[in-house]
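Reading the structure
As a plain string of letters, each chain reads:
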Amino acid sequence: MSKVLIVEDSAFYRQLLKEALHSRFPSMDIFEATDGEEALQKIETFLPNLIFMDIKLPGESGLELTKKIKSKHPNIIIIILTAYDIPEYREAAYQYNANYFLTKGSASKENILALVESILSDRRINHSGSKSENE
């Protein structure tokens, strides 16, 4: 089973994303964190396959958090999902090894779900959460 962590300080946006993911992937385990400290605790506990990361978080920025996570867990896919489509943020996201950069204003629900489907398919995540044997 795939595991996703949503790191977002807006309860409204977390709920929207969670509902969208559950509608397409009902067996997906979805965890939530409102800041970097909570995110790091949940990563160590649940080790997600995929993380949706906001940039503007209380305390540590999502970009710095991405750098920390990728240094310790390079195989976790991180999608930066932010309201701020600023070239400097996009550049920093990729410099810190984020896998994708999406803006909340331009990424539709269907685009996000298609991306997740593609990621899970590419990584061949099966229902047990491990990669399939034919890799």
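The notes below deal with the structure included here. (Residues numbered from 1 in each chain as written. Predicted model: local features only at pLDDT ≥ 70, side-chain atom pairs only at ≥ 80, totals over all residues. Heavy atoms only, no water.)

Observations concerning the sheet that holds strand E3 (residues 50–53)
Spatially, the 5 strands line up as an open sheet ordered E2-E1-E3-E4-E5, and their pairing is parallel. With one partner strand each, in any of the chains shown, strand E2 (29–33) and strand E5 (100–103) form the two edges of the open sheet. Direction aside, the axes of adjacent strands within the sheet are offset by 20° on average. As paired strands, strand E4 (residues 77–82) and E5 are joined by 4 bridges and run parallel to one another. Within the sheet, the bridge partner assigned to Leu-81 lies in E5 and is Leu-102. (Pairing = 2+ DSSP bridges. Helix = DSSP H or I, 4+ residues; strand = E, 2+ residues; numbered from the N terminus. Axes fitted to C-alpha atoms, helices over the stretch in contact; angles between N-to-C directions.)

With respect to the nonpolar core
Grouped together as the largest cluster of nonpolar side chains are 22 residues, with contacts concentrated most on Leu-21, Met-28, Leu-50, Phe-52, Ile-112 and Val-116. Elements with a minimum of two residues in this core: strand E1 (3–7), helix H1 (11–24), E3, E4 and helix H5 (109–123). Among the elements that line this core, the one with the most residues is H5, at 6 residues. Look past the residues within four positions of Val-116 in its chain and what remains in contact with it is Leu-21, Phe-25, Met-28, Leu-50 and Phe-52. Judged by nonpolar contacts, the second largest core, of 21 residues, contains Ile-55, Leu-63, Leu-65 and Ile-69. (Core = buried A, V, L, I, M, F, W, Y, C linked by side-chain atoms within 4.5 Å. Buried < 20%, exposed > 50% of the residue type's maximum accessible area, 1.4 Å probe, protein only. Contact = heavy atoms within 4.5 Å.)

Brief notes about the packing of helix H2 (residues 36–46) against helix H3 (residues 62–72)
Across the interface, H2 lies against H3 with an axial gap of 11 Å and an inter-helix angle of 20°. Classified by the angle between their axes, H2 and H3 sit roughly parallel to one another. As for the relative orientation of H2 and H3, their crossing is right-handed in sense. Each of Gly-36, Ala-39, Leu-40, Ile-43 and Glu-44 in H2 lies in contact with H3, whose residues at this interface are Leu-65, Lys-68, Ile-69 and Lys-72. (Parallel < 35°, antiparallel > 145°, perpendicular 65-115°, else oblique. Left-handed = near helix turned anticlockwise from the far one by under 90°.)

Quick look at H3
For H3, the full list of buried residues reads Gly-62, Leu-63, Leu-65, Thr-66, Ile-69 and Lys-70. For H3, the angular spread of buried residues about the axis comes to 155°, placing them on one side. Pointing more than 90 degrees away from the buried face of H3 are the exposed residues Ser-71 and Lys-72. Check the buried side of H3 and you find it contacts E1, H2, E3, E4 and helix H4 (87–95). (Arc of directions from axis to C-beta.)

Comments concerning the environment of Arg-90
Along the polypeptide, Arg-90 turns up in helix H4. Taking the relative accessible area as the measure of exposure, Arg-90 reaches 30% and is therefore partly exposed. Distance from Arg-90 to Leu-63, taken between C-alpha atoms, is 9.6 Å for residues 27 residues apart in sequence. If we skip the residues at most four places from it in the chain, Arg-90 touches Asp-85, Phe-101 and Thr-103.

Read these as spatial facts, not as claims about activity.
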